[in-house]
Amino acid sequence: MNMQSLMAQAQKIQKDIQKKQAEINSTIYSTQNEFLSLEMYGTKKIHKITINKEIVKDSEDLETLEDMLLVAINETVTKIDKDKEQKLGSYASGLNGLL
C-alpha cells in the first residue's frame with residue numbers, strides 16, 4: 001500500500017469519525033420516570049428537565065426527587081456512552097484505543 005493511499009484512507013476515517021461524533025453530539029437522549037423526565041445532548045449538557053409537579057408535597061418528597069434526578073442523569077449519560085461506543089468503537093479498536 002502506498003503512502004497516498006494510506007493518507008486518503010486515514011482522511012476518510014477521520015471524516016467518518018467527525019460525522020458520527022457530530023451526530024452523537026446533536027442527538028437528544030432522554031430518561032423518564034414517574035417523578036421527572038430528563039433530556040440531554042450527546043455532549044452531556046442537559047437540554048431539559050421536567051418535574052412532575054404533583055409529587056413535591058414535603059421535604060421527604062423533595063429528597064426522593066433529588067435522588068431520582070441523580071439516577072436519571074446517570075442513566076442518560078450511560079445511554080450516551082453506549083451510543084458513542086456503538087458508533088465509534090470500531091474506530092477505537094483500529095486506532096489502538098486513541099479515541
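I will try to describe carefully the structure that is included in this document. (Residues numbered from 1 in each chain as written. Predicted model: local features only at pLDDT ≥ 70, side-chain atom pairs only at ≥ 80, totals over all residues. Heavy atoms only, no water.)

Re the overall build of the chain
Point 1. When helices and strands are counted, the chain shows 2 helices and 3 strands.
Point 2. Going residue by residue from the N terminus, the α and β elements of the chain occur as α-β-β-β-α.
Point 3. For 99 residues, the compact-globule estimate of 2.2 N^0.38 gives 13 Å, and the C-alpha radius of gyration of the chain, at 19 Å, exceeds that figure by more than 25%.
Point 4. Dimensions of the chain, computed from C-alpha atoms along their principal axes, come out at roughly 70 × 20 × 15 Å.
Point 5. Per-residue burial for the chain yields a buried fraction of 21% across its 99 residues.
Point 6. Long-range pairs, those at least 24 residues apart, make up 48% of the contacts in the chain between residues at least 6 apart in sequence. (Helix = DSSP H or I, 4+ residues; strand = E, 2+ residues; numbered from the N terminus. Rg over C-alpha atoms; globule rule 2.2 N^0.38 Å. Buried < 20%, exposed > 50% of the residue type's maximum accessible area, 1.4 Å probe, protein only. Contact = heavy atoms within 4.5 Å.)

Description of the pairing of strand S1 (residues 28–32)
Point 1. Here S1 shows a clear split, with Tyr 29 and Thr 31 buried on one side and none of Ile 28, Ser 30 and Gln 32 buried on the other.
Point 2. Relative to strand S2 (residues 36–41), S1 runs antiparallel, the two being bridged by 5 bridges. Bridging from a neighbouring strand, Ser 30 pairs with Glu 39 of S2. (Pairing = 2+ DSSP bridges.)

Digging into the nonpolar core
Point 1. In this structure, Ile 24, Phe 35, Leu 36, Leu 38, Leu 65, Ile 80 and Leu 88 are the most contacted members of the largest nonpolar core, which totals 13 residues.
Point 2. Every element with two or more residues in this core is listed here: helix H1 (3–26), S2 and helix H2 (59–94).
Point 3. Looking at this core, the element that brings in the most residues is H2, giving 5 residues.
Point 4. With sequence-adjacent residues up to four places away left out, Ile 80 is seen in contact with Ile 24, Tyr 29, Met 40, Tyr 41, Gly 42 and Lys 44. (Core = buried A, V, L, I, M, F, W, Y, C linked by side-chain atoms within 4.5 Å.)

What to know about the sheet that holds strand S3 (residues 46–51)
Point 1. An order of S1-S2-S3 is seen for the 3 strands of this open sheet, with the pairing classed as antiparallel. Of all strands in the sheet, those with a lone pairing partner are S1 and S3, marking the two edges. Taking the axes of each pair of neighbouring strands and ignoring which way they run, one obtains an average angle of 10° across the sheet. (Axes fitted to C-alpha atoms, helices over the stretch in contact; angles between N-to-C directions.)

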